[in-house]
Amino acid sequence: MWRRLVARLATAFSQGLKRHGVAALLVAGLLSACSTVSAPPRVAQAPQPVPAPVAPLPEAQGPIKVAVLVPLSGQSAAIGQAMLDSAQMALFDMAGDQLQLLPRDTKGTPGGAADAARQALTEGARLIIGPLFAADVAAVRPIAQNAGVDVLAFTNDATQAGNGTYVLGFVPADQVNRVAGYARSRGATRFTVLAPRSPYGDAVVNAMQQIAPKLGTMTTQVERYDPAVTDLSVPAKQVAQETPQPQAVMLAEGGQRAQGIAQALAANGVQPQQVKLLGTGLWDDSSQGALGQEPALVGALYAAPAPQTRARFESQFEQVYGRKPPRIATLAYDATSIAAVLTRTSGPVPFDRMAMTNPNGFEGLDGLFRLRGDGLVERGLAVMEITPTGSRVVDPAPPSFEMLGQ
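By the naming in an unreviewed UniProt entry, the protein goes by ABC transporter substrate-binding protein and is assigned to Azospirillum melinis. Recorded under Sequence similarities (unreviewed entry), the UniProt text for the protein is reproduced unchanged: "Belongs to the leucine-binding protein family."

Asker: I'm lost on the sheet that holds strand E2 (residues 99-105) in this one. Help?
Answerer: Strand order in the open sheet formed by 5 strands is E2-E1-E3-E4-E5, and the pairing between neighbours is parallel. Of all strands in the sheet, those with a lone pairing partner are E2 and strand E5 (165-167), marking the two edges. Direction aside, neighbouring strands of the sheet carry axes that sit 20° apart on average. Strand contacts of helix H4 (residues 110-122): strand E1 (64-70), E2 and strand E3 (127-129), with the helix running at about 150° to E2, the strand carrying the most contacts. This element, helix H11 (residues 329-345), spans E1, E2, E3 and strand E4 (150-153) of the sheet and lies at about 145° to E2.

Asker: Looking at this model, I keep getting lost on the pairing of strand E8 (residues 248-251). Mind explaining?
Answerer: The alternating pattern of E8 places Ala 248 and Met 250 and Val 249 and Leu 251 on opposite faces, both of which are buried. Bridge analysis of strand E6 (residues 190-196) against E8 gives 4 bridges, and the strand direction is parallel. Looking at E8, one finds that Phe 191 is bridged to Ala 248. In this sheet, strand E9 (residues 276-279) lies alongside E8 in parallel orientation, the contact comprising 3 bridges. By the bridge assignment for E9, Val 249 is matched with Leu 277. Taking the sense of rotation as the criterion, the β-α-β connection linking E8, helix H9 (residues 255-267) and E9 turns out right-handed.

Asker: I would appreciate a short explanation of the packing of aromatic side chains in the present structure.
Answerer: Think of a pair of aromatic rings as described by two things: how far the centres are apart, and how the planes are tilted against each other in angle. A complete count under the given rule lists 5 aromatic pairs for this structure. With a centroid separation of 4.7 Å and an interplanar angle of 50°, the aromatic rings of Phe 317 and Tyr 321 are classed as tilted. Remark: Tyr 321 and Phe 317 occur in helix H10 (residues 307-321); sequence separation between them is 4 residues, near one turn of the helix. Here the aromatic cluster, defined as three or more aromatic residues joined through ring pairs, consists of Phe 313, Phe 317, Tyr 321 and Tyr 333.

Asker: Would you mind showing me how to read the environment of Asp 93 here?
Answerer: By the element assignment, Asp 93 lies in helix H3 (residues 77-95). Considering only alpha carbons, one finds Asp 93 and Tyr 333, 240 residues apart in sequence, at a separation of 9.9 Å.

Asker: Would you explain the packing of helix H6 (residues 172-185) against helix H7 (residues 199-211) in this entry?
Answerer: Two measures define how a pair of helices packs: the angle their axes make with one another and the distance between the axes. Axis separation between H6 and H7 bottoms out at 9 Å; the angle between their running directions is 45°. It follows from the interaxial angle that H6 and H7 lie oblique. Seen from above, H6 lies across H7 with right-handed handedness. Here Pro 172, Ala 173, Gln 175, Val 176, Asn 177 and Ala 180 of H6 come into contact with H7, specifically with Tyr 200, Ala 203, Val 204, Ala 207, Met 208 and Ile 211. By residue class, the composition of the contact of H6 with H7 is 10 nonpolar, 2 polar and no charged.

Parameters and conventions
- Residues numbered from 1 in each chain as written.
- Predicted model: local features only at pLDDT ≥ 70, side-chain atom pairs only at ≥ 80, totals over all residues.
- Heavy atoms only, no water.
- UniProt positions renumbered as here; feature names shortened; annotations may be inferred.
- Pairing = 2+ DSSP bridges.
- Helix = DSSP H or I, 4+ residues; strand = E, 2+ residues; numbered from the N terminus.
- Axes fitted to C-alpha atoms, helices over the stretch in contact; angles between N-to-C directions.
- Contact = heavy atoms within 4.5 Å.
- Buried < 20%, exposed > 50% of the residue type's maximum accessible area, 1.4 Å probe, protein only.
- Right-handed = clockwise from strand over helix to strand, strands pointing away.
- Phe/Tyr/Trp six-rings, centres within 6.5 Å; stacked < 30°, edge-to-face > 60°.
- Parallel < 35°, antiparallel > 145°, perpendicular 65-115°, else oblique.
- Left-handed = near helix turned anticlockwise from the far one by under 90°.
- Nonpolar A, V, L, I, M, F, W, Y, C, P; charged D, E, K, R; others polar.

Right under this line is the structure:
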């Protein structure tokens with residue numbers, strides 16, 4: 001039965017490709033699941049318990065309804081509209097008439113997000129895609145939880161994960177683990193983290209400290225600084241004065257701040273020929289092409305989804321809507337694609353936790369990923385190197401989680 005379902009799904013995907021030219025998502029993960037699992041897949045970590053819903057969800061009548069909660073008014077309306085446009089592209093490519101999106105405006109506020117969630121649930125939504133901001137997710141979580149409906153949120157705040165809420169945003173831990181592991185495989189054993197005193201800086205520091213024991217002989221120094229500091233030579237001197245000097249420095253900054261710190265490090269004797277600079281997903285943006293214009297960042301490494309599939313999507317999005325999508329627009333496409341696949345294959349309860357957390361994962365615009373029972377998302381990332389003309393892949397993303405030893 002599974003193979004017949006996959007065959008029908010693949011046909012539908014190919015039709016979507018002809019219409020939009022966007023890579024068909026999730027086929028690889030689904031085929032892998034069907035060929036290797038003869039019984040319902042077992043997740044590595046059991047999902048967290050969810051409070052009993054106020055009333056049991058009825059079996060679907062007609063199309064499955066999925067809410068898309070994004071800011072369609074307010075300061076973030078442009079991002080919210082792009083997320084909705086991406087979700088509609090995925091719906092057109094993959095879902096046919098079996099899935100119905102319920103777009104609802106969060107207004108970019110927790111109160112607006114809560115109201116949008118209540119309205120969508122009243123109208124029969126069986127899954128929530130979004131919202132965008134951590135505070136909005138925090139407002140939606142208990143409402144969805146009480147209704148027994150799961151959430152695919154766009155935030156990268158890992159503290160929002162769990163109890164049926166999955167954090168799809170690019171969490172720093174995956175990126176830090178991947179690029180630090182690659183640097184370690186190339187001989188680096190002494191690492192320093194240079195990070196602002198901010199929630200993002202905290203996340204990067206915590207990730208490095210947690211991965212250190214797993215990488216064997218690595219030692220980690222941590223240098224923090226005020227995020228409002230304008231004289232970047234001060235934190236750079238802290239690193240330069242370390243004895244012995246580190247072999248790799250993780251920067252928890254992007255854009256001009258990353259350029260400025262790299263320049264300050266070089267000016268204080270931390271030369272990129274001897275000390276490898278490492279970055280996070282803050283560098284993974286086409287607008288960050290200027291990073292390579294800073295000589296001290298040429299050769300620096302960061303971990304990110306492989307860019308090829310996303311580039312095709314971005315080109316198609318621009319053709320369809322006449323503007324470039326924000327970097328996170330792929331999250332909306334992939335989330336809607338998950339809903340489409342599970343609607344086609346999971347029977348009367350389409351968004352079953354066992355199906356959502358299939359350990360084989362899914363193949364999306366941002367590469368291999370899987371939803372974990374604790375609400376976090378694991379991603380198979382490539383290692384990228386900054387060059388004067390852009391970034392290039394120096395270590396490809398793994399084709400399966402088995403290749404990661406997980």
